[in-house]
Amino acid sequence: MPAYLLVRAKVTDMEQYAEYMKLTPAIVEKYGGDFVIRGGDKVILEGPDAPERIVLLKFDSIEAVQRMYNSDEYQAAIKLRENAAQASFIVMEGVQ
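Residues numbered from 1 in each chain as written. Predicted model: local features only at pLDDT ≥ 70, side-chain atom pairs only at ≥ 80, totals over all residues. Heavy atoms only, no water.

J.: Would you mind showing me how to read the pattern of salt bridges here?
T.: As a working rule, side chains carrying opposite charge can pair if their charged atoms are close by. Tallied over the entire structure, the rule returns three salt bridges. A salt bridge links R8 to E52; its shortest N-O distance comes to 3.2 Å. Of this pair, R8 sits in strand β1 (residues 3–11) while E52 sits in the loop between β2 (34–38) and β3 (53–59), and the two are 44 residues apart along the sequence. The salt bridge partner of E73 is K30, with a shortest N-O separation of 2.3 Å. Here E73 is found in helix α3 (residues 72–82), whereas its partner K30 is found in helix α1 (residues 14–30), with 43 residues between them in sequence. Overall, the relative accessible area of 28% leaves E73 in the partly exposed class. (Salt bridge = Lys/Arg side-chain N within 4 Å of Asp/Glu carboxyl O. Helix = DSSP H or I, 4+ residues; strand = E, 2+ residues; numbered from the N terminus. Buried < 20%, exposed > 50% of the residue type's maximum accessible area, 1.4 Å probe, protein only.)

Written out as structure tokens, the structure reads:
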């Protein structure tokens, strides 16, 4: 069953965060993931403003997301993000 990784990041240092962003596409691709949303403009239709950067990725399964997240490559990338953003990662099963 497909799985979606929703990331909400409050970026505090865009220059350093940009270094993290350079590494992630190859890592995501290696583990079978695809970016659906990667930042960009947004319009709030209802509810409070959401100032965080929003990223949505699609993988084949929750296990694939976990393999990517726990990989040595991604754990090294996290080190670049740690002082540049506070992030929340949520994985959910999608529909077929």
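J.: Explain the nonpolar core to me, please; I cannot follow it from the model alone.
T.: Across soluble globular proteins, you tend to see nonpolar side chains buried next to one another. L5, Y17, L57, F59, M68 and Y74 are the most contacted members of the largest nonpolar core, which totals 19 residues. At the level of secondary structure, the elements contributing two or more residues to this core comprise β1, α1, β3, α2 (62–70) and α3. (Core = buried A, V, L, I, M, F, W, Y, C linked by side-chain atoms within 4.5 Å.)

J.: Help me out: how do you make sense of the packing of α2 against α3 in this one?
T.: Helix-helix packing is described using two parameters, namely the angle between the two axes and the distance between the axes. Across the interface, α2 lies against α3 with an axial gap of 5 Å and an inter-helix angle of 60°. As the angle between them shows, α2 and α3 are arranged oblique. Of the residues in α3, those touching α2 at M68, Y69 and N70 are D72, Y74, Q75 and I78. Grouping the constituent residues of the contact of α2 with α3 by class yields four nonpolar, two polar and one charged. (Axes fitted to C-alpha atoms, helices over the stretch in contact; angles between N-to-C directions. Parallel < 35°, antiparallel > 145°, perpendicular 65-115°, else oblique. Contact = heavy atoms within 4.5 Å. Nonpolar A, V, L, I, M, F, W, Y, C, P; charged D, E, K, R; others polar.)

Shape is all these values report; function is a separate question.
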